[in-house]
Amino acid sequence: MTDSWHVLLPPAIDPAGPAAISDFAECTGMDEYESVDDAMADIDRYDAVIVRVAPIDADVLDRADRLKVIAKHGTGLDNVDIDAASDRDIVVCNTPGVNARSVAEHAIALLFGVQRNLHTADKHVRAGGWERNTYRGHELDGDTLGLMGFGSIARETARLAEGIGLDIITYDPHHDESIRDGVVRVTTLTELFERSDAVSLHVPLTDGTRNAVSTEQLDALGETGVVINTARGGVIDEDALVEALDRNAIGGAGLDTFQSEPPGADHPLCAHDSVLLTPHIGGVTVEALRRMSEGAAANVRTVYEGGIPESTVNREAIEGAIQ
């Protein structure tokens, strides 16, 4: 291999990944453009793109004459038009599992935060208050945590949760082989909510999961139940969630993702003290960012060298075209 590649990077990326492909790749960050739209308008310059949240749709790909691989810096690919990429023989791959520990820790942190009123208690003390009885919380030991999905992040969440005394149940019709001893499997999503004290969401955003958590599930969770979302905002019907909070049908929520990001200060969820909000930072730790950077760069190298990364999600569509 002697030809160099031009690689487009996300606005912020741990330098370990770009350094690992510097022998063949000339890398340009999206932050070197005036905007992400400007970077996408220049996509025809690039052989590869490492992407986090920038939308790569059919219109972008129509201009991507040189593009050979879209390497996701993370797991979720709802911002990439996989079918359009497949039609153009572009490899689409991700880095599954590398941020599992980071997201799992954040899910548990959100659960602790909601159940112990940490966000409102912090604001109370900063304002000079000391009303201790107002901020009585709930212990987690002996509660049941329901996991929607049982992939790598959910399995790590289960491991952490068991360590603090939570019983684990799960609903996942797609991971039969990974449901291990000690984890009870339920047959419907509503049953998961009905049998849980808290439910944590760990599924990708697909046609089948969009708005899957709605009024029926939230009512089943009950007035003391908590829902945690570190997956994708669209998995929860936000209108139904706001309505459930308005009528005290659930106890609270810890949300790291939203249907539209950022949600904005005027979003109805911001008016509820029983909701703890964070800006999609579940996978944002020093350690996870380094692993994602290195993993995405390794995938770019694999395609550069003529291979197909193990994490390729459109393998069947493009395998015959990649030699």
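Bear in mind that the values here come from a model prediction, so they are computed numbers and not experimental data. (Residues numbered from 1 in each chain as written. Predicted model: local features only at pLDDT ≥ 70, side-chain atom pairs only at ≥ 80, totals over all residues. Heavy atoms only, no water.)

Caption draft 1: A look at the sheet that holds strand 1 (residues 5-9). Strand order across the open sheet formed by five strands is 2-1-3-4-5, with parallel pairing between neighbours. Each edge of the open sheet carries a strand with a single partner, namely strand 2 (25-29) and strand 5 (91-93). The sheet shows a mean angle of 15 degrees between the axes of neighbouring strands, direction not considered. Across four bridges, the pairing between strand 3 (residues 48-51) and strand 4 (residues 69-72) is parallel. (Pairing = 2+ DSSP bridges. Helix = DSSP H or I, 4+ residues; strand = E, 2+ residues; numbered from the N terminus. Axes fitted to C-alpha atoms, helices over the stretch in contact; angles between N-to-C directions.)

Caption draft 2: Quick look at the sheet that holds strand 11 (residues 252-255). Spatially, seven strands are ordered 8-7-6-9-10-11-12 in an open sheet, and the strand pairing comes out parallel. Each end of this open sheet is capped by a strand with a single partner; those strands are strand 8 (183-185) and strand 12 (275-277). Each neighbouring strand pair of the sheet contributes to a mean axis angle of 20 degrees, computed without reference to strand direction. Relative to strand 10 (residues 226-229), strand 9 (residues 198-201) is paired through four bridges, and the arrangement is parallel. Looking across to strand 10, one finds that Ala198 is bridged to Val226. Across the sheet, helix 5 (residues 100-115) touches strand 6 (144-148), strand 9, strand 10, strand 11 and strand 12, and the angle it forms with strand 10 is around 145 degrees. (Contact = heavy atoms within 4.5 Å.)

Caption draft 3: Structural view of the environment of Ile153. Relative to the helices and strands, Ile153 is located in helix 7 (residues 152-163). Under the relative-accessibility criterion, Ile153 is labelled buried at 18%. Considered as a pair, Ile153 and Asn94 are 59 residues apart in the sequence and their alpha carbons are 14 Å apart. Those residues in contact with Ile153, other than ones at most four positions away along the chain, are Asn99, Ala100, Val103, Ala104 and His202. (Buried < 20%, exposed > 50% of the residue type's maximum accessible area, 1.4 Å probe, protein only.)

Caption draft 4: Layout of the state of the cysteines. Following the criterion strictly, the structure yields zero disulfides and no others. Here Cys27 is not disulfide-linked; the sulfur of Cys93 is the nearest cysteine sulfur, at 15 Å. By relative accessible area, which is 27% here, Cys27 ends up partly exposed. (Disulfide = S-S within 2.5 Å.)

Geometric values such as these leave the question of function open.
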